[in-house]
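# Chain and residue survey
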Amino acid sequence: MPTYIGGAIIPAFLDYYYHIVLPSWLWLPLILVFVIVPITLAIIGIRPQITTLKFASLFEVAFLAVIGAIVITKAPDNTLAVFNPFAWPQYAKDFAPYGGPAGALGLAMVFSITSFIGYGGSAPLGEEVEHPKQILRALSLGVFIVGAVLTEMAYAIVAGLGVNNLSALTNNPNPDVQTISGIIVMGLYLGIIGSMGLFLVAMNSAFSDAVAMQSNAGRVYFSMARDNVIPKWFSKIHPKYHTPYRALTFIGIASSISQPS
């Protein structure tokens, strides 16, 4: 997440819109935000962690659903053919290096799986809630809502950019255009509100992912220690917050040290 935000999104956004070139090491300080803060929330307890994720996610999903719908209604290139990877045979040569349209779609799915980071935490977190059986219902609803909104946004970006302009996007000499294509499309239809809003949502999404990942990793270490897979030292519970603070602290330190390498 620090690399994604500090090394790609923030520099591309500032360079494209404001012609501000940031140093390449910017992502390093972001470790404090995307590692230390989530670990702290996880150590304090599940309630502040879930509360943070709840409000952050609600804002993100609502915002994306609204701006996506606005772009779709304004886009002149609306067509359901964008869901058919074989609809434009003239672009077959562009997909050839990836195994054809189906291969390119499969490759896109591999990278898109990061959009669902955090759902695997339902198992370890289930031990810390009062009604663990409700997690399955909440998880299913969450996957449906997030999947629907992400599909809507993907369609909005493609329709807003124009299906006949996609090749120009991939071959654009400006790397910023490829990095923040979604932000640029939102800016074309919604102005600064759209571009800045989607930029802030990306920050929010990255932070939410970091909270989920760090917390889940620490609790997995705790479970492994409890089952004697790794040293028992990791299974120590905080006397006040009742969380596996040793495992979480270890994850935070190890993540911070490994990022620069």
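Before reading further, recall that the structure is shown in the block above.
### Re helix α1 (residues 2-18)
In α1, a bend of some 25° at Ile9 exceeds every other bend along the element, and Pro11, a proline, comes one to four places later. Where α1 is concerned, the buried positions are Pro2, Ile5, Gly6, Ile9, Ile10, Pro11, Ala12, Phe13 and Leu14. Lining the buried residues of α1 we find α2 (31-44), α9 (175-179) and α10 (181-226).

### So, the packing of aromatic side chains
Pairs of aromatic rings are described using the distance from one ring centre to the other and the angle between the two planes. Here the structure, examined in full by the defined rule, presents 10 aromatic pairs. Between the aromatic rings of Phe83 and Tyr155, the centroid separation amounts to 5.7 Å while the plane-to-plane angle is 5°, which identifies the pairing as stacked. Linking Phe83 in the loop between α3 (46-74) and α4 (92-95) with Tyr155 in helix α7 (residues 134-161), this pair joins segments that are 72 residues apart in sequence. Ring centres of Trp233 and Phe234 lie 5.2 Å apart, and the angle between their planes is 90°; this geometry places the pair in the edge-to-face category. Given the relative accessible area of 44%, Trp233 is considered partly exposed. An aromatic cluster is defined as three or more aromatic residues linked by ring pairs; in this entry it consists of Phe13, Tyr16, Tyr17, Tyr18 and Phe199.

### Quick notes on the nonpolar core
Counting 37 residues, the largest nonpolar core has Ile5 and Leu64 as the members making the most contacts within it. Put simply, the parts of the chain that give this core at least two residues each are α1, α2, α3, α7 and α10. In terms of nonpolar packing, the next biggest core, distinct from the first, is built from five residues, Ala42, Ile43, Leu248 and Ile251 among them.

What counts, and where the lines are drawn
- All residue numbers refer to positions counted from 1 along the written sequence of the respective chain.
- Side-chain atom pairs in this predicted model are given and counted only at pLDDT of 80 or more, local residue features only at pLDDT of at least 70, and totals for whole chains, interfaces and linings cover all residues.
- Hydrogens and water are ignored here; the side-chain numbers use all heavy atoms of the structure.
- To obtain the bend at a residue, axes are fitted to the seven residues ending there and to the seven starting there, and the angle between these axes is taken.
- For helices the rule is a DSSP run of H or I covering at least 4 residues; for strands it is a run of E covering at least 2, with both sets numbered from the N terminus onward.
- The cut-offs for exposure are 20% and 50% of the maximum accessible area for each residue type, with area from a 1.4 Å probe on protein chains only; residues under the lower value are buried, those over the upper are exposed, and the others partly exposed.
- Contacts: residue pairs with any heavy atoms within 4.5 Å of one another.
- Think of it this way: a Phe, Tyr or Trp ring, Trp meaning its six-membered ring, pairs with another when their centres are within 6.5 Å, and the plane angle makes it stacked under 30 degrees, edge-to-face over 60, tilted otherwise.
- We call a set of buried Ala, Val, Leu, Ile, Met, Phe, Trp, Tyr and Cys residues a nonpolar core when their side-chain atoms join them within 4.5 Å.

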